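Chain by chain, the residues run as shown.
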Amino acid sequence: MFRNRIMKMDGRRKIIVAVTGASGSVYARLLCEALSRVAELGEIALIVTGNGRRVAAFEDGDEWLSDSRFTRYDDDDLFAAPASGSASYDAMAVIPCSMGTVGRIASGVSDNLVCRAADVMLKERRRLILVTREAPLSAIHLHNLLRLTEAGAIVCPASPSFYSKPATVEQLCGTIVERVLSLLGVDAPHYEWGAER
């Protein structure tokens, strides 16, 4: 607790990254790598669900989940710092965000640390970004996303853009990661439309 206060007192932002079992763990990896290069950040809290770890291992490799630059919190640890508003995290990204997680957050069901931390961000009126990864969307999904938007969350679907002419899958996914960094309030290099003119 004392360490968190020191980090906050020195003016550095504290960010939570939560990884769920939706497909697209590359988004989470690229976001964490980008955040780790930002010197002005304080703690980068990393919460990974069991399915999130399994999907990461299957799709993209999970070695990055053990990076010492991140403060790891177990998803079943509701005594962890992100479970309390007094820990004063500035922003949180759930990336990728499964529709199951969307439904639990929208219903106020805090049965794991990801959902509890998201609930804290909403109640404290802090920035919560949900990088959703599902297609097509059912009426239930859409209703839940609307409820979360009305509660203050930002829904940022993992729908990459093509106008920067990405040449690799990582560059393509990076178009979403750049958007998420901006939404988190993190100053990092990014593509700007029209800058090449």
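Everything numeric in this text was worked out from a predicted model, so none of it was measured. (Residues numbered from 1 in each chain as written. Predicted model: local features only at pLDDT ≥ 70, side-chain atom pairs only at ≥ 80, totals over all residues. Heavy atoms only, no water.)

## Here's the deal with the pairing of strand S4 (residues 91–97)
The condition that has to hold: In this scheme, a residue with accessible area under 20% of its type's maximum is buried, one over 50% is exposed, and one in between is partly exposed, where area comes from a 1.4 Å probe on protein chains only. Helix and strand assignments come from DSSP, with helices taken as H or I runs of at least 4 residues and strands as E runs of at least 2, each series counted from the N terminus. Whether two strands pair comes down to DSSP finding at least two bridges between them.
Taken across its 7 residues, S4 has 7 buried, putting it largely inside the fold. Sheet topology places strand S1 (residues 13–19) next to S4; 4 bridges connect them, and they run parallel. Within the sheet, the bridge partner assigned to Ala-18 lies in S4 and is Val-94. Here S4 pairs with strand S5 (residues 127–132) via 5 bridges, running parallel. Residue pairing in the sheet places Cys-97 in a bridge with Thr-132 of S5.

## Some words on the environment of Gly-103
As for its position among the elements, Gly-103 is in helix H4 (residues 99–106). On the basis of relative accessibility, which here comes to 15%, the residue Gly-103 falls in the buried class.

## Notes on the confidence of the model for the protein chain
Rules: Confidence of the prediction at every residue is given by pLDDT, a number between 0 and 100. Contacts between residues were defined by any pair of non-hydrogen atoms, one from each residue, lying within 4.5 Å.
Residues of the protein chain with pLDDT of at least 70 account for 90%, and the chain-wide mean is 91. Counted against residues more than four places away or in other chains, residues 1–9, with its pLDDT under 50, gives 14 contacts.

## Some thoughts on the packing of H4 against helix H6 (residues 139–151)
Let me state the cut-off plainly: Note on geometry: axes are C-alpha line fits, over the in-contact stretch for helices, and angles between N-to-C directions span 0 to 180 degrees. The labels follow the angle: roughly parallel below 35 degrees, roughly antiparallel above 145, roughly perpendicular from 65 to 115, and oblique for the rest. Note on convention: near helix rotated counterclockwise from far helix by under a right angle means a left-handed crossing. Clockwise means right-handed. Residues are grouped as follows: Ala, Val, Leu, Ile, Met, Phe, Trp, Tyr, Cys and Pro are nonpolar; Asp, Glu, Lys and Arg are charged; all remaining types, including Gly, are polar.
At their nearest, the axes of H4 and H6 sit 9 Å apart, and the two run at 50° to each other. Relative to H6, H4 is oriented oblique. Crossing of H4 over H6 shows left-handed handedness. Contact residues: H4 offers Met-99, Val-102, Gly-103, Ile-105 and Ala-106, while H6 offers His-141, Asn-144, Leu-145, Arg-147 and Leu-148. Classifying every residue of the contact of H4 with H6 gives 6 nonpolar, 3 polar and 1 charged.

## With respect to unusual backbone geometry
For the bond running from Ile-95 to Pro-96, omega is -10°, close enough to zero to count as cis. If you trace the backbone, Pro-96 turns up in strand S4. Going from Ala-135 to Pro-136, the amide bond is cis rather than trans, its omega being -10°. Here Pro-136 lies in the loop between S5 and H6. Positive phi, normally seen in glycine, also occurs at Arg-125, with a value near 60°. Take Arg-125: it is sitting in the loop between helix H5 (113–123) and S5. Even without glycine at this site, Lys-165 takes up a positive phi of about 55°.

## Quick notes on the sheet that holds strand S6 (residues 154–155)
Taking strand neighbours across the sheet as the criterion, the 6 strands line up as S3-S2-S1-S4-S5-S6 in an open arrangement whose pairing is parallel. The open sheet terminates on both sides in strands that have one partner only, identified here as strand S3 (71–74) and S6. Across 4 bridges, strand S2 (residues 41–48) lies against S3 in parallel orientation. Among the inter-strand pairings, Val-48 is bridged to a residue of S3, identified as Asp-74.

## Points about H5
Note the following rule: Any pair of N or O atoms that falls within 3.5 Å is considered a polar contact. Within protein, one atom must be able to donate a hydrogen and the other to accept it, and sequence-neighbouring residues count only if both atoms are side-chain atoms.
In terms of residue burial, H5 counts as a mostly covered element, since 8 of its 11 residues are buried. Among the residues making up H5, those that are buried are Leu-113, Val-114, Cys-115, Ala-117, Ala-118, Val-120, Met-121 and Leu-122. Residue Asn-112 occupies the N-cap position of H5, its side-chain oxygen lying 3.3 Å from the main-chain nitrogen of Val-114. Of the residues one or two after H5, Arg-125 is the one with positive phi, at around 60°.

## A word on the packing of aromatic side chains
Quick note on the threshold: Each pair of aromatic rings taken from Phe, Tyr and Trp, with Trp reduced to its six-membered ring, is defined by centres within 6.5 Å and is described as stacked if the planes are under 30 degrees apart, edge-to-face if over 60, and tilted in the remaining cases. Note on criteria: charge over ring means Lys NZ or Arg CZ within 6 Å of the ring centre, with the direction from the centre no more than 35 degrees off the ring normal.
Considering all chains together, one arrives at 0 aromatic pairs under this definition. Taking NZ or CZ as reference, Lys-14 lies 4.4 Å from the ring centre of Tyr-89, over its face.

## Comments concerning the nonpolar core
Considering soluble globular proteins, one finds that nonpolar side chains tend to be buried as a cluster. Just so we agree on the cut-off: In this description, a nonpolar core means a group of buried Ala, Val, Leu, Ile, Met, Phe, Trp, Tyr and Cys residues linked to one another through side-chain atoms lying within 4.5 Å.
Counting 35 residues, the largest nonpolar core has Val-17, Leu-31, Leu-35, Ile-95, Val-180 and Leu-184 as its most contacted members. Breaking this core down by element, the ones donating at least two residues are S1, helix H2 (25–36), S2, S4, S5 and helix H7 (169–184). For this core, the element with the highest residue contribution is H2, accounting for 8 residues. Judged by nonpolar contacts, the second largest core, of 29 residues, contains Leu-113, Val-114, Cys-115 and Leu-145.

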